[in-house]
Amino acid sequence: GESVGLHLPTLSVQEGDNSIINCAYSNSASDYFIWYKQESGKGPQFIIDIRSNMDKRQGQRVTVLLNKTVKHLSLQIAATQPGDSAVYFCAEIPIKAAGNKLTFGGGTRVLVKP
Amino acid sequence: GAVVSQHPSWVICKSGTSVKIECRSLDFQATTMFWYRQFPKQSLMLMATSNEGSKATYEQGVEKDKFLINHASLTLSTLTVTSAHPEDSSFYICSASIYSNEKLFFGSGTQLSVL
């Protein structure tokens, strides 16, 4: 079936450097994409979202890029901090899906080294 | 942002007993809530869609008689794990949104350990 997947299972980054987390999706009908951050023992926390009519969206220290041609999504974290250490999931909602039924990717663990 | 409260945050029970997990939307009404299951180092797996005032919609492979879902009001959905077994031990998470096709807010999760 269609799914959302990730290239890198673990990313180690030096504190202060920029982080880039990648995600490949296979459902070309997907309309809405979201990045979530999950710390150990907690529920996912919304980071940023983007709709398919956009290529880029910026938040506070984070930027999401969407390349519909190659069905690729990325999350960029500027000046990575120790508090950014967590697992990051991309998720998608297909256009034809009812409500907010999300499909999650496999997740990338980000480890920030001091 | 909207707040989704999940309770309890962790529970330990004996095999064969039932456990109820509550999910509440604190400052908004949610006609639809979702229940997920997550094993260690894995992604979230959607178990079912909880619809206020009607039966839940279960994903393929999820036993509806095992995982009972009740959505009696616009702010509360419950998941009951019936006759729990050690293999039911997992992290259970609920989510809800204010509007359809908008971002979901997640509860803090419930760690279930069945002895």
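Below is a short write-up of the structure. Treat the numbers as computed from the prediction; the structure is a model and nothing was measured.

Criteria and cut-off values
- Residues numbered from 1 in each chain as written.
- Chains lettered and ligands numbered in written order.
- Predicted model: local features only at pLDDT ≥ 70, side-chain atom pairs only at ≥ 80, totals over all residues.
- Heavy atoms only, no water.
- Phe/Tyr/Trp six-rings, centres within 6.5 Å; stacked < 30°, edge-to-face > 60°.
- Helix = DSSP H or I, 4+ residues; strand = E, 2+ residues; numbered from the N terminus.
- Buried < 20%, exposed > 50% of the residue type's maximum accessible area, 1.4 Å probe, protein only.
- Salt bridge = Lys/Arg side-chain N within 4 Å of Asp/Glu carboxyl O.

## Concerning the packing of aromatic side chains
Residues and elements named next belong to chain A. Enumeration according to the criterion identifies nine aromatic pairs over all chains in this entry. Pairing Y36 with F104 gives two aromatic rings, centres 5.8 Å apart and planes at 40°, and the pair type is tilted. Taken as a pair, Y36 in strand 4 (residues 30-38) and F104 in strand 10 (residues 103-104) lie far apart in primary sequence, 68 residues in all. Relative accessible area serves as the criterion here: at 9%, F104 is assigned to the buried category.

## Points about the pattern of salt bridges
Summed over the entire model, instances satisfying the criterion amount to eight salt bridges over all chains. One salt bridge in this structure joins A:R61 and A:D84, with 2.9 Å as the shortest N-O distance. With A:R61 in the loop between strand 6 (56-58) and strand 7 (62-67) and A:D84 in the loop between strand 8 (72-77) and strand 9 (86-94), this residue pair connects regions lying 23 residues apart in the sequence. Residue classification places A:R61 among the partly exposed positions, given a relative accessible area of 30%. Judged by its relative accessible area of 7%, A:D84 is buried. In this structure, the salt-bridge partner of B:E22 is B:R24, at a minimum N-O distance of 3.5 Å. Taking relative accessible area as the criterion, B:E22 reaches 24% and is therefore assigned partly exposed. A cluster of three or more residues bridged by salt bridges with shared partners is formed by A:K37, A:E39 and A:K42.

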